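# Structure at a glance
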Amino acid sequence: MHMPTPNNLPVAVVSSSTQQAQGMARSLEKEAGDALDVRVVDTVAEARQLLLDQEIGGAYVMPSAQNQDATLYVAGAQGASLKQVVTQTFTTVAEEQHVDLQSTDIAPLPTQDSMGTTSLYVTIGWIMAGFVFVIIMSSAAPELLTVRRLVPVLAGWSALMALSIWLVVGPVIGAFDGHAPQVLGLGWLTVFGVGLCTAVFARFIGPLAVIPAVTLFMFLGVPSSGGALTPYIESGLFQFLHGVLPAPAAVESVRSVLSFGGAGVGSHVVTLLVWAVAGLALNIAAQLWSGRGKKRGGGSRAQENTALARSDGALAGVGAIGN
């Protein structure tokens, strides 16, 4: 996050002439290299829909006979950093073409969230609620790590924290309005999934599970989440992590629900579900493996005790003969 540079930033070019738009796209890609991923679309309506679906960061409409100015369409709700870098990029393009640039934000950020970071802070609350609870539990009540007890306890905790965070960020602070069922559901799933995955680490290393948990869910999750900086101005590693980690999935889910009518939320919910199911499966597998190990250990100790008893009996018999 310390050196933000455009990296495969998806944008669209629109023109009344397809040939002109294609020429513009080739020119941009040649000049920008890997900084931009330029596509050509036929109509402004199609470009606007791509923005609302969060598939592109901006759409540049070239001047035409009807409009001598260029127009840049952005969706500010995707994040202030994305809007800023797209605006800067196409302001330079318009200057090189010697045309004026008009900017239109079709999905602006709400006044109570002018930086677009509400989704990030909500997600951080969910993530921390998931792994901190399990780490404390592994030290204070390790018997609750058994799957039979872990699942209902963690499910109840997840519901409590989802409700608490929604109350604080929504009704109390007023960072967003409405969408309570969706936000509560996303919160429960995020806390539950992160908690289950942390429990896998806690089974083997106890409270030291905080190290892999914080590394995975915070140190890697927050920079790749897109909540503070868009991943399109970060390295390829964080763009990859953006598609697989739970923190980015939670941030994008909240953003989609609050600002885009739920567009694209399905794929992010699938990511959260995969983490939850994987965490549950790994806990079951670890418990079964541990149970087999105990049975083998118990069997070995029983054999040793039997052998010792037989040895003691033999020695007693020898002593009796001697007497």
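In case you missed it, the structure is sitting above this.
Okay, so let's go over this structure. Only a predicted model underlies this, so the values are computations on that prediction, with no experimental measurement involved. Every chain begins its residue count from 1, and numbering advances along the sequence as written. Totals for whole chains, interfaces and linings use every residue, but because this is a predicted model, local features are given only for residues with pLDDT of at least 70 and side-chain atom pairs only at 80 or more, for both listing and counting. Hydrogen atoms and water are omitted, and side-chain values are computed over all heavy atoms in the structure.

### Examining the packing of helix H4 (residues 118-140) against helix H5 (residues 147-172)
The angle between the axes and the distance between the axes are what describe a pair of packed helices. Axis geometry follows a simple rule: fit a line to the C-alpha atoms, using only the stretch in contact for helices, then measure angles between N-to-C directions, giving values from 0 to 180 degrees. Where helices and strands are cited, they refer to DSSP runs of H or I of at least four residues and of E of at least two residues respectively, numbered from the N terminus. Here H4 crosses H5 at 150°, and the two axes come no closer than 10 Å. Viewed along their axes, H4 and H5 adopt a mutual orientation that is roughly antiparallel. The crossing of H4 and H5 is right-handed. Touching Thr 118, Val 122, Gly 125, Trp 126, Ala 129, Phe 133, Val 134 and Met 137 of H4 are Leu 150, Val 153, Leu 154, Trp 157, Met 161, Ala 162, Ile 165 and Val 169, all from H5. Oblique is the label for every angle not falling under 35 degrees (roughly parallel), over 145 degrees (roughly antiparallel), or within 65 to 115 degrees (roughly perpendicular). Crossing chirality is assigned from the near helix's rotation relative to the far helix, an anticlockwise turn below a right angle marking it left-handed and a clockwise turn marking it right-handed. Contact definition: two residues touch when any of their heavy atoms are within 4.5 Å.

### A closer look at the pattern of salt bridges
Criterion for a salt bridge: a side-chain nitrogen of Lys or Arg within 4 Å of a carboxyl oxygen of Asp or Glu. Counted under the stated rule, the structure contains three salt bridges. A salt bridge links Asp 105 to Lys 83, with the nearest nitrogen and oxygen atoms 3.2 Å apart. Linking Asp 105 in strand S5 (residues 101-105) with Lys 83 in helix H3 (residues 80-97), this pair joins segments that are 22 residues apart in sequence. Accessibility here uses a 1.4 Å probe with only protein chains present; expressed as a share of the type maximum, an area under 20% marks a residue as buried, one over 50% as exposed, and anything in between as partly exposed. Take Lys 83: its relative accessible area is 31%, and that puts it in the partly exposed class. Note that Arg 255 is salt-bridged to Glu 252, the shortest N-O span being 3.5 Å. One end of the pair, Arg 255, and the other, Glu 252, are both in helix H10 (residues 246-259), three residues apart, so they sit about a helical turn from each other. As far as the burial class goes, Arg 255 and Glu 252 line up, both buried.

### Description of the sheet that holds strand S1 (residues 9-14)
Only when DSSP finds a minimum of two bridges between them are two strands counted as paired. A sheet is described by the order of its strands in space; here five strands give the open sequence S2-S1-S3-S4-S5, paired in mixed fashion. Strands with a single pairing partner mark the edges of an open sheet, and in this sheet they are strand S2 (36-41) and S5. Strand-to-strand twist across the sheet, computed as the mean angle between neighbouring axes with direction ignored, equals 25°. Where strand S4 (residues 70-74) lies against S5, five bridges are found, and the strand directions are parallel. When the sheet's bridge partners are listed, Leu 72 is paired in S5 with Ser 103.

### Digging into the environment of Thr 111
Here Thr 111 lies in the loop between S5 and H4. For Thr 111, a relative accessible area of 78% translates into the label exposed. Taking the C-alpha atoms as reference points, Thr 111 and Glu 234, separated by 123 residues in sequence, lie 27 Å from one another. Each polar contact in these results corresponds to two N or O atoms within 3.5 Å; when the atoms are within protein, one needs to be able to donate a hydrogen and the other to accept it, and residues that are neighboring in sequence are counted only if both atoms are side-chain atoms. Of note is the side chain of Thr 111, whose polar atom sits 3.4 Å from the side chain of Gln 112.

### Details of the layout of surface pockets
Grid points spaced at 1 Å and placed over the protein atoms alone form the basis of the search, with a cavity being a set where a 1.4 Å probe fits but cannot get out and a pocket an open set showing protein on both sides within 12 Å along at least five of seven lines. Lining residues have an atom within 4 Å of a point. Grid points are joined across faces, edges and corners, and a volume is the space filled by probe spheres set on the points. Considering only enclosed or pocket space, the largest pocket measures out at about 270 Å³ in volume. Taken together, 17 residues make up the lining of the largest pocket; nearest its centre are Gln 54, Tyr 232, His 242, Glu 252 and His 268. Put simply, the parts of the chain that give the lining of the largest pocket at least two residues each are H10 and helix H11 (265-322). Take the lining of the largest pocket: its biggest share by element is three residues, from H10. Approximately 210 Å³ is the volume found for the second largest pocket. Residue assignment for the lining of the second largest pocket shows that the elements contributing at least two residues are H4 and H10.

### A short note on the packing of helix H6 (residues 180-205) against helix H7 (residues 210-219)
The geometry of H6 relative to H7 is characterised by a closest axis approach of 9 Å and an angle of 150° between their N-to-C directions. Judged by the angle between their axes, H6 and H7 are roughly antiparallel. For the element pair H6 and H7, the recorded crossing hand is right-handed. Across the interface between the two elements, Val 194, Cys 197, Thr 198, Phe 201 and Ile 205 of H6 pack against Pro 212, Ala 213 and Phe 217 of H7.

### Focus: a nonpolar patch on the surface
On the surface, Phe 204, Ile 205, Leu 208, Val 210, Ile 211 and Trp 289 cluster together to form a nonpolar patch covering roughly 620 Å² of accessible area. Looking at the nonpolar patch, the elements that each hand over two or more residues are H6 and H7. The partly exposed category is assigned to Ile 205, whose relative accessible area is 39%. A residue counts toward a patch only above 30% relative accessible area and without a salt bridge, and it is joined to like-charged neighbours within 9 Å or, for Val, Leu, Ile, Met, Phe, Trp and Tyr, to nonpolar neighbours within 5 Å. Using the Shrake-Rupley algorithm and a 1.4 Å probe, accessible areas are obtained, with residue cover drawn only from the displayed protein chains.

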